[in-house]
Amino acid sequence: MFRKCLLLLLCCTGMSGYAADKYIVDQEHTYSNFEYKHWGLSLQRGRFDKNSGSIELDMENKTGSLQIAIEADSINTGSDTFNNILRSASFFNAEKYPKIFFQSNKLVFNEDKLVQVEGDLTIKDVTRKVTVDITQFECRFMILYLKRACGANGNTKILRSDYGVGRYVPFVSDEVTLSFSVEAIKE
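None of the values given here were measured: they were computed from a predicted structure.

(A) Local environment of the overall build of the protein. Helix and strand content of the protein: two helices and 11 strands. Of the regular secondary structure in the protein, the N- to C-terminal order runs α-β-β-β-β-β-β-α-β-β-β-β-β. Expressed as lengths along the three principal axes of its C-alpha atoms, the size of the protein is roughly 75 × 30 × 30 Å. Looking at the protein as a whole, 36% of its 187 residues qualify as buried. Taking as baseline every contact in the protein between residues at least 6 positions apart, the subset at least 24 positions apart corresponds to 55%. Of the charged side chains in the protein, 23 are positive and 24 negative, and the gap between their average positions amounts to 2 Å.

(B) Seen up close, the side chain of Asp58. With respect to the secondary-structure elements, Asp58 resides in strand E4 (residues 51–58). The side chain of Asp58 sits in the buried core without any salt bridge; Lys62 is the nearest counter-charge, 7.4 Å away. Separated by 3.3 Å, the side chain of Asp58 and the backbone nitrogen of Glu60 make a polar contact.

(C) Here's a closer look at the nonpolar core. Leu57, Phe92 and Leu121 are the most contacted members of the largest nonpolar core, which totals 40 residues. Contacts of Phe92, omitting those with residues within four sequence positions, involve Phe48, Ile75, Leu86, Arg87, Tyr97, Ile100, Ile123, Lys124 and Val165.

(D) Looking closely at the state of the cysteines. Across all of its chains, the model carries one disulfide by this definition. Paired by a disulfide, Cys139 and Cys150 hold their sulfur atoms 2.0 Å apart. On the sign convention where negative is left-handed, the bridge of Cys139 and Cys150, at about 110° about the S-S bond, is right-handed. Placement of Cys139 in strand E9 (residues 126–142) and of Cys150 in strand E10 (residues 147–159) is noted, with a sequence separation of 11 residues between them. Accessibility expressed as a relative area gives 9% for Cys150, which makes it buried.

(E) Quick peek at a nonpolar patch on the surface. Together, Trp39, Leu41, Tyr168 and Phe171 make up a nonpolar patch on the protein surface, roughly 500 Å² of accessible area in all. In this fold, Trp39 is placed in the loop between strand E2 (31–38) and strand E3 (42–48).

(F) Layout of unusual backbone geometry. The step from Val169 to Pro170 runs through a cis peptide bond, and the omega angle for that step is 10°. By the secondary structure assignment, Pro170 is in the loop between E10 and strand E11 (175–186). You will see that Lys62, though not glycine, has its phi angle at about 55°, which is positive. Mapped onto the elements, Lys62 comes out in the loop between E4 and strand E5 (63–71). Backbone geometry places Asp125, a non-glycine residue, at a positive phi of 65°. Within the secondary structure layout, Asp125 lies in the loop between strand E8 (113–123) and E9.

What counts, and at which threshold
- Residues numbered from 1 in each chain as written.
- Predicted model: local features only at pLDDT ≥ 70, side-chain atom pairs only at ≥ 80, totals over all residues.
- Heavy atoms only, no water.
- Helix = DSSP H or I, 4+ residues; strand = E, 2+ residues; numbered from the N terminus.
- Buried < 20%, exposed > 50% of the residue type's maximum accessible area, 1.4 Å probe, protein only.
- Contact = heavy atoms within 4.5 Å.
- Lys, Arg positive; Asp, Glu negative; His and termini not counted.
- Charge placed at Lys NZ, Arg CZ, Asp CG, Glu CD.
- Salt bridge = Lys/Arg side-chain N within 4 Å of Asp/Glu carboxyl O.
- Polar contact = N/O pair within 3.5 Å; in protein donor to acceptor, adjacent residues only side chain to side chain.
- Core = buried A, V, L, I, M, F, W, Y, C linked by side-chain atoms within 4.5 Å.
- Disulfide = S-S within 2.5 Å.
- Patch = residues over 30% accessible without salt bridge, like charges linked within 9 Å, V, L, I, M, F, W, Y side chains within 5 Å.
- Areas by Shrake-Rupley, 256 points an atom, 1.4 Å probe, with all protein chains shown as cover.

The quantities given are spatial measurements derived from coordinates; they are silent on function.
Written as structure tokens, this is what we have:
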């Protein structure tokens, strides 16, 4: 009798709703990139090498959420001198504000494809709404991990002065394009 009750309970619990799958950001394959115009001379690029977080996806109901943390002191422009300037209080103030955050509870799908993520970007304790346009999105079983994994690429534009990182505007472009390459592995 106990076995039948347990089986009935499990069946009813399973029918109560589809649960979101949780994915952990793969730090080896996730980068946050930025680009801006430098004194009108060239387009400069850099990235943040240390990113972490989690993603929940409910593919059946086309919903989900994500939390990404970016370590401000992991900025990498290819120049140690410039990296240190950007880590300083004049820009990111990485000692006082060690993390940049992006959080979202609104994932926008077109059929089975994620096309946008709307959320809050926080830099130096300033939070603003942003919409990330997704240019690539795929999920599949990865033999390397023996688990399901998802990956996405996306971008958005912000004004760095909105986040207290506006030194040298307008000589150095206020508008910055942020690009994200994210891979996450199912728990």
